[in-house]
Amino acid sequence: MGKRLRKPAKKEKSFSDKIIKILSNSANKAFNYKQIAAKLEVDDTQSRNQIIKDLKILAAEKKIIESEPGKYLIKAVSQDYYEGTIDMTSRKTAYFICEDFEEDVFIPTNNLNRALDKDKVSVYVYNRRKGRRAEGEVIKVLERHKTDFVGVIDIQKNFAFVSTANPKMYTDIFIPKDNLGEAQNGDVVLVHIEDWPKRADSPFGKVTKVLGRPGEHDTEIHAILAEYGLPAEFPIEVETYAQKIDTSISEAEIAKRRDMRDTLTFTIDPKDAKDFDDALSFKKLENGNYEIGIHIADVSHYLEEGTILDDEAYQRATSVYLVDRVVPMLPEVLSNFACSLRPQEEKYTFSAVFEITEKCQVVNQWFGRTVIYSDQRFAYEEAQYIIETKDDVIPAEISLTGTSYKVAPEIVTATLKLDELAKIFRKRRMNDGAISFDKVEVKFNLDADGEPEGVYFKIAKDANHLIEEFMLLANKKVAEYIGKQKKTFVYRIHDEPNEDKLIAMQTVIAKFGYKLDFRNPGDISKSLNKLMEDVSGKKEQNLIDTLAIRSMSKAKYSTDNIGHYGLAFDYYSHFTSPIRRYPDVMVHRLLQFYLDGGKSVDEELFETKCLHCSTMEGLATNAERDSIKYMQVKYMQDHQDQEFLGVISGVTEWGIYVEIIENKCEGMVRIRDIKEDYYTFDEKQYALVGATSSKLLQLGDEIYVKVKNADLVKKQLDFNFLRRSEETVN
């Protein structure tokens, strides 16, 4: 038998990057050139000599250490290694986000090394020469952002795969046969990644929950919650604990509180609300001023620290408002009954009571625990009717009860005066530089089975602004009261807008003839308000509203008060919604503790809690947005034969996004589906340009479309382009 030929290695200029990766994966462990050659699976003389040469060069560059003659290990700290976060694209590549770099570092697919979206990673950065974009390779996944994923299971004879609808999840998940649980082929499941072996193409997982069949309503809603790690129901032990809480109103407890049961008090809420967080009281004083109380459900009276109920509320941190249901922060016995400020019931509240002049000056304030009696419950529509007409008879068509009724004259007077004062507060805020974002909200009329029958838009009117202004007043004054004492507190903060995003927004709005003023932060806010005013009612309103909101920094919770840019407040907190927000519970507890003379609490502990609450708020917002997208797709499924007039809301190299004017549903027309010409993307014009006709399809253009595909699982709409709005049908 002849001598076995050695396997020639691929011609390689340098093994340096691969050597660094091997040594990094086994930090502090020394390797000689033979061990590295074995790891690289090369055994020819040329390659071995190259490895020896590369090891010496790396050691000379002090990127690795020669710990003993011929043995090398990685330096503990290297200037080319950075920690940061992975931001996946939908093209299976990623960017590495790290504070040390002005520009994100590109990570090619083959350099991801099992890192997933938003994982915390250690990355080796190369190509750092001037004029070249830095690239990197993931050396180690330090912390998984998430290990639970929702997807559809494809069961084979001895194993299964789960594929997700998330475009940033570039791999499916391998499920061994004994980890299938109760899953049937094609089910939507929740899987937990248990391991990702080094030589495996996919991570290994286990089915932890079967959510149902794809496309079914409950399946898709539960899938949205599961995708963001949000619970669908309360653990039985939490429900049991909540049911045992004493929710009675006792004379002994009333004696500890300011009794405001005889003061005129009422609530104004959405007509379908069940958790009434807040009530307003109104009294005219002998000196001509007004005593106005903002009364908030005293959740912290029932929610005791250190209990399983409080732990559950903290973990949730917020109620989640999906398109067809609410996933509450607190069990129903508290959220809809004991804490809810229902009409003709005595309730414990935590109140901010102000003496306010005719000119809207706050001359006195008081904070503390109270007991109230709500005389009236209004829907926003009913209060709005009183504001618009000054009439005291609510007509049957807008009445909560479905029948016409007469409102007590003192409540009509109070409503009109509160509206008058709210308008002064609002005007003053706007003059101080607050930004008015009255974005149109898309709502659905659902039938008994949760199926969408129609779409309507929720627009904030005077009654909404009335409640908003007094809630803002309470939130601001509570934060100011503690903030000026320099004690640790939970603030709601909002930084100045991101200038790069504003410049990008200017490029888009210029297409519609609008302009922003960047000279200073005050001019930006005035300029944004003028823009909001100018686009109101126009076809591009929703697009520009969305762009403006995206250009803003995200509001968050923190113990470090930097003020609230969007509201133009130096001090701001969340005090007014403890039924649905845990930060408000923390604010109530801290306020009472300080009112009782307590010293400043541990700032680090509360900053950690603030971070958790901000994170959970973000997840809830994403789930709410996904549920609206899902319902829009579902609604459009039933209108596949209908033509719709839409406005182009986005232009990309692969097609145009179109928002339908009558229902705000957005979908994509792919470039290959536009048959009237051969179109290409012109980045400078932010438009598609026809090769033959030179016609443009650009932002703001109105076109007619028809549904091509409505994918409930991916929550995506695809449209067919029919014609431009100015073209008539033959």
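Shown above is the structure to which this text applies.
Rules and cut-offs
Residues numbered from 1 in each chain as written. Predicted model: local features only at pLDDT ≥ 70, side-chain atom pairs only at ≥ 80, totals over all residues. Heavy atoms only, no water. Patch = residues over 30% accessible without salt bridge, like charges linked within 9 Å, V, L, I, M, F, W, Y side chains within 5 Å. Areas by Shrake-Rupley, 256 points an atom, 1.4 Å probe, with all protein chains shown as cover. Salt bridge = Lys/Arg side-chain N within 4 Å of Asp/Glu carboxyl O. Lys, Arg positive; Asp, Glu negative; His and termini not counted. Charge placed at Lys NZ, Arg CZ, Asp CG, Glu CD. Helix = DSSP H or I, 4+ residues; strand = E, 2+ residues; numbered from the N terminus. Buried < 20%, exposed > 50% of the residue type's maximum accessible area, 1.4 Å probe, protein only. Pairing = 2+ DSSP bridges. Core = buried A, V, L, I, M, F, W, Y, C linked by side-chain atoms within 4.5 Å. Contact = heavy atoms within 4.5 Å. Axes fitted to C-alpha atoms, helices over the stretch in contact; angles between N-to-C directions. Phe/Tyr/Trp six-rings, centres within 6.5 Å; stacked < 30°, edge-to-face > 60°. Arc of directions from axis to C-beta. Polar contact = N/O pair within 3.5 Å; in protein donor to acceptor, adjacent residues only side chain to side chain. Parallel < 35°, antiparallel > 145°, perpendicular 65-115°, else oblique. Nonpolar A, V, L, I, M, F, W, Y, C, P; charged D, E, K, R; others polar.

Participant: Sorry if this is basic, but what is going on with a positive patch on the surface here?
Facilitator: Among the surface-exposed residues, K501, R550, K554, R625 and K629 lie close enough to one another that they form a single positively charged patch. Relative to the helices and strands, K629 is located in helix α17 (residues 603–637). Here K629 falls in the partly exposed class, since its relative accessible area comes to 39%.

Participant: Just checking my understanding: could you explain the pairing of strand β30 (residues 666–670) for this structure?
Facilitator: On any regular strand, side chains alternate: one points to one face of the sheet, the next to the other face. Where strand β29 (residues 655–660) lies against β30, five bridges are found, and the strand directions are antiparallel. Across the sheet, residue Y657 finds its bridge partner in β30, namely M668. Following β29, the chain reverses through five residues before pairing antiparallel with β30; K664 in that reversal takes a positive phi of roughly 65°.

Participant: Help me understand the nonpolar core in this model?
Facilitator: A general trend in soluble globular proteins is that nonpolar side chains are found buried together. By size, the foremost hydrophobic cluster in this structure holds 143 residues, and its most contacted members are F470, L531, Y582 and I656. Per-element accounting of this core gives the leading share, 11 residues, to α17. When residues no more than four places from it in sequence are discounted, the contact partners of Y582 are L303, D310, A313, Y314, A317, M329, R589 and C613. Core analysis: the next-biggest nonpolar cluster, separate from the first, contains 20 residues, F15, I19, L58 and I139 among them.

Participant: Even after reading the chapter, I still don't get the sheet that holds strand β33 (residues 696–698), so can you show me in this structure?
Facilitator: On the basis of which strands lie adjacent, the open sheet formed by three strands has the order β31-β32-β33 and antiparallel pairing. Unpaired on one side and paired on the other, β31 (679–682) and β33 mark the two borders of the sheet. Each adjacent strand pair in this sheet contributes to an overall mean axis angle of 25°, direction not counted. Bridge count for strand β32 (residues 687–690) against β33 is three bridges, and the pairing is antiparallel. Within the sheet, the bridge partner assigned to V689 lies in β33 and is L696.

Participant: Please clarify how the packing of aromatic side chains should be interpreted in this entry.
Facilitator: Two numbers describe a pair of aromatic rings. These are the distance of the centres and the angle of the planes. Applying the stated criterion across every chain yields a total of 18 aromatic pairs. For the pair F354 and F367, a centre-to-centre distance of 6.2 Å together with 85° between the ring planes defines the contact as edge-to-face. Residue F354 is located in strand β19 (residues 346–356), and its partner F367 is located in strand β20 (residues 362–373); the two are separated by 13 residues in the primary sequence. Across the pair, exposure class does not vary: F354 and F367 are buried alike. Through successive ring pairs, a cluster of aromatic residues spans F159, F161, F174 and F204.

Participant: Which parts of the structure should I look at to understand unusual backbone geometry?
Facilitator: Excluding glycine, residues mostly carry a negative phi; peptide bonds, for their part, are mostly trans. If you check the backbone angles, K390 has positive phi at about 60° while not being a glycine. Positionally, K390 belongs in the loop between α10 (380–389) and β22 (393–394). Positioned with a positive phi, K715 is a non-glycine residue whose angle comes to about 60°. Mapped onto the elements of the fold, K715 is located in the loop between β34 (702–711) and β35 (716–724). Judged by its relative accessible area of 19%, K715 is buried.

Participant: Any chance you could explain the pattern of salt bridges here in plain terms?
Facilitator: Oppositely charged side chains can pair when the atoms bearing their charge come close. According to the stated counting rule, one finds 40 salt bridges in the structure shown. The salt bridge involving K530 is made with D534; its shortest N-O contact spans 2.9 Å. Separated by four residues within a single helix, K530 and D534 lie in helix α14 (residues 521–535), roughly one turn from each other. For D534, a relative accessible area of 26% translates into the label partly exposed. A salt bridge links R723 to E643, with the nearest nitrogen and oxygen atoms 3.1 Å apart. Of this pair, R723 sits in strand β35 while E643 sits in the loop between α17 and β28 (644–652), placing them 80 residues apart in sequence. Assessed through its relative accessible area of 13%, R723 is described here as buried.

Participant: I keep staring at helix α2 (residues 33–40) and nothing clicks. Help me out?
Facilitator: At 3.6 residues per turn, the α-helix brings residues three or four places apart onto the same side. When α2 is considered as a whole, its buried residues turn out to be I36, A37 and L40. End-on, the buried residues of α2 take up no more than an arc of 100°, which puts them together on one face. Residues of α2 that are exposed and point over 90 degrees away from its buried face: A38 and K39. Tucked inside the fold, the buried residues of α2 contact α1 (16–25) and α3 (45–60). One side-chain oxygen of the residue at the start of α2 lies 3.1 Å from the amide nitrogen of K34, identifying that residue as N32. Note on α2: the residue one or two positions beyond its end, E41, has a positive phi of about 60°.

Participant: Sorry, what's going on with the sheet that holds β20 here?
Facilitator: Hydrogen bonding along the main chain pairs the strands of a sheet, whether they run parallel or antiparallel. The sheet built from seven strands is open, its strands ordered β13-β20-β19-β16-β15-β14-β21 with mixed pairing. Each end of this open sheet is capped by a strand with a single partner; those strands are β13 (258–259) and β21 (376–379). The pairing of strand β14 (residues 265–269) with β21 spans four bridges and is parallel. By the bridge assignment, F266 is partnered in β21 with Q376. On top of the sheet, helix α12 (residues 462–483) reaches β14, β15 (278–284), β16 (290–297), β19 and β20; it is set at about 105° to β20, its chief contact.

Participant: Any chance you could explain the pairing of strand β1 (residues 64–68) here in plain terms?
Facilitator: Pairing geometry for β1 and strand β2 (residues 71–74), over four bridges, is antiparallel. Its bridge partner being in β2, I64 is matched across the sheet by I74. If you look at the hairpin formed by β1 and β2, you'll find two residues sitting between the two strands, and G70 has a positive phi there, around 80°.

Participant: How should I be thinking about the environment of A383 in this particular structure?
Facilitator: In this structure, A383 sits in helix α10. Non-local contacts of A383, meaning those with residues more than four positions away in its chain, are made with I268, F378, T415 and A463.

Participant: Which parts of the structure should I look at to understand the packing of α10 against helix α11 (residues 409–431)?
Facilitator: A pair of packed helices is characterised by two quantities: the angle between their axes and the separation of those axes. Following both chains from N to C, one finds α10 and α11 inclined at 80°, their axes separated by 10 Å at the closest point. With respect to each other, α10 and α11 are oriented roughly perpendicular. Across from A383, I386 and I387 in α10, the residues of α11 making contact are V412, T415, L416, D419 and K423. When the residues that make up the contact of α10 with α11 are grouped by side-chain class, the tally is five nonpolar, one polar and two charged.

Note that all results are geometric; they support no functional claim without further evidence.
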